[in-house]
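Tertiary structure, described
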Amino acid sequence: MRRPGISIATGSVAILLASVAGAIVAALWASPWWAFGVALAGEAIVLVWWAWRARRAAPSRQNNPGRARATRRSRLRTQLRAVRDAVGALPDAVVLFDGQGRVRWFNAAATRLLGVQRSHLGQPLVQPLAGSELGAWLRTDTTQPATDLPAPTDASLRLAATIMPFGRQLKLLLARDISALSRLEQVRRDFVANVSHELRTPLTVIHGYLELLDPAEVPELAPVLDEMRMQSQRMRQIVEDLLTLSRLETGDALPDEEVAMIPLLETLRREAAALSRGRHTIRVEAATQARLRGSIHHLHSAFSNLVSNAVRYTPTGGEIVIDWRQTADGGAIFSVRDSGLGISAEHQARLTERFYRVSSSRSRESGGTGLGLSIVKHVLNLHQGHLAIESEPGHGSTFSCVMDASRVLPPDGGGGSRTGLSAA
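Residues numbered from 1 in each chain as written. Predicted model: local features only at pLDDT ≥ 70, side-chain atom pairs only at ≥ 80, totals over all residues. Heavy atoms only, no water.

Some details on the sheet that holds strand β13 (residues 408–409)
This is how it is decided: A pair of strands is considered paired only if DSSP assigns at least 2 bridges between the two. By the criteria applied, helices consist of DSSP H or I runs no shorter than four residues and strands consist of E runs no shorter than two, each listed in order from the N terminus.
Ordered by their spatial adjacency, three strands build an open sheet running β6-β8-β13, and the pairing between neighbours is antiparallel. One side of each edge strand has no neighbouring strand; the edge strands of this open sheet are β6 (257–259) and β13. Here β6 pairs with strand β8 (residues 291–294) via three bridges, running antiparallel. When the sheet's bridge partners are listed, Glu258 is paired in β8 with Arg293.

Here you go:
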């Protein structure tokens, strides 16, 4: 079928040329007025004919919606094909599944990393992942991303996976190969652990010899010996904290113990009072007698770090409150509130980094190692908790350990009365 626009233009040119030719002939064989009349008549014929053809062509274009829809569908198919090819070329595994967990679509990387085949289309996603840690993660709470799991197709590959909603009643499983990052992280952990172990022996020897030296025998060296002892002890504490961090990073399982919080709170209060030496008012507020499930050693270490930090960074005469309470969703919060100098907002996001210091001089004077909050973060991660920080310069700080409801146990023997302990 010829296009209307082209036929109209072609006919117009033909009639125009014919009228011009007629005008030339008339000019040669007749008068100029006759030539002008012929040319004008030709132009009029062209205009009438063009309007007639245009009116005939317009309804045909307007009354053909099927062709327009077909064009739009073709363009949409082309765009969808381009998007599908782009997603299919990604190195990350992408699996689209519905609300019942049935596989709707996947890319080539999903076959390589997850073992999903064409035969699994329309089948539950857990079927190709059965027996793997990734499959177990899918069958449990998938609101939290999986950070380091072996690939179902090759245990030497490590995957990070997450699930995100997509459209109506659809979800996307995204899995990334993080094997190279895992190897680098393992090298770093091994290096820290080995260096810490190697430093422990010479530091022990140096500290032992310093203890043998009596400052009373050499009074002129007494200040030097005291400073050497203090720095030696600080180096030993840094090494111990590095070893603790290394064990926390490599430890996959925790002791499943019942931690009685009321006795632990009293222990933390006594430790804070000993470190404070009467310079602060220390109070314990327990709104519940609920217990925790986890490692008493690690939890004591994390809570003690928060309490000791509050003592170190609160000026003399300040107040420190150790609080334990339950939340409406069944979880619990252990918090340490102080009336210290406070921390500005730009520093708060980096406080759990190793050796990060808001004020280097103040941290060294207080005897901190710069690793305490890193230990707290790792302990809470292992207990499905997280650290929340609220602070404002000049108005003190509150460090809260937010524990998931799965880690909270009811009181042993009942009772939820508010308990208050204090020390000055």
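Some details on the confidence of the model for the protein
Going by this rule: The predictor attaches a confidence to each residue, and that confidence, scored 0 to 100, is pLDDT. Any pair of residues with heavy atoms lying within 4.5 Å of one another is described as a contacting pair.
Model confidence for the protein is summarised by a mean pLDDT of 79, while 77% of its residues fall at 70 or above. When the criterion is pLDDT under 50, residues 1–6 qualifies, and its contacts beyond four places in sequence or with other chains add up to three contacts.

A few points about the packing of aromatic side chains
In this description, an aromatic ring pair is defined by two values, namely the gap between the centres and the angle between the planes. Put simply, the rule reads: Each Phe, Tyr or Trp ring (for Trp, its six-membered ring) is paired with any other whose centre lies within 6.5 Å, and the angle between the two planes then decides the class: stacked below 30 degrees, edge-to-face above 60, tilted in between. Burial classes: relative accessible area under 20% of the type maximum marks a residue as buried, over 50% as exposed, and values in between as partly exposed (1.4 Å probe, protein chains only).
Throughout the structure, instances matching the rule amount to one aromatic pair. Ring centres of Phe303 and Phe334 lie 4.0 Å apart, and the angle between their planes is 25 degrees; on these two criteria the pair is classed as stacked. Of the two residues, Phe303 sits in helix α9 (residues 296–313) while Phe334 sits in strand β10 (residues 332–338), which places them 31 residues apart along the sequence. Look at Phe303 and you get buried, because its relative accessible area is 0%. Given the relative accessible area of 0%, Phe334 is considered buried.

Considering the pairing of strand β4 (residues 158–166)
Note: strand β3 (residues 146–150) against β4, three bridges, orientation antiparallel. Paired with Ala146 across the strands is Ala161, a residue of β4. Here eight bridges tie β4 to strand β5 (residues 170–177), and the two strands are oriented antiparallel to one another. By the bridge assignment for β5, Ala160 is matched with Arg176. Connecting β4 to the antiparallel partner β5 that follows it, the hairpin turn spans three residues, and Gly167 within it adopts a positive phi of roughly 65 degrees.

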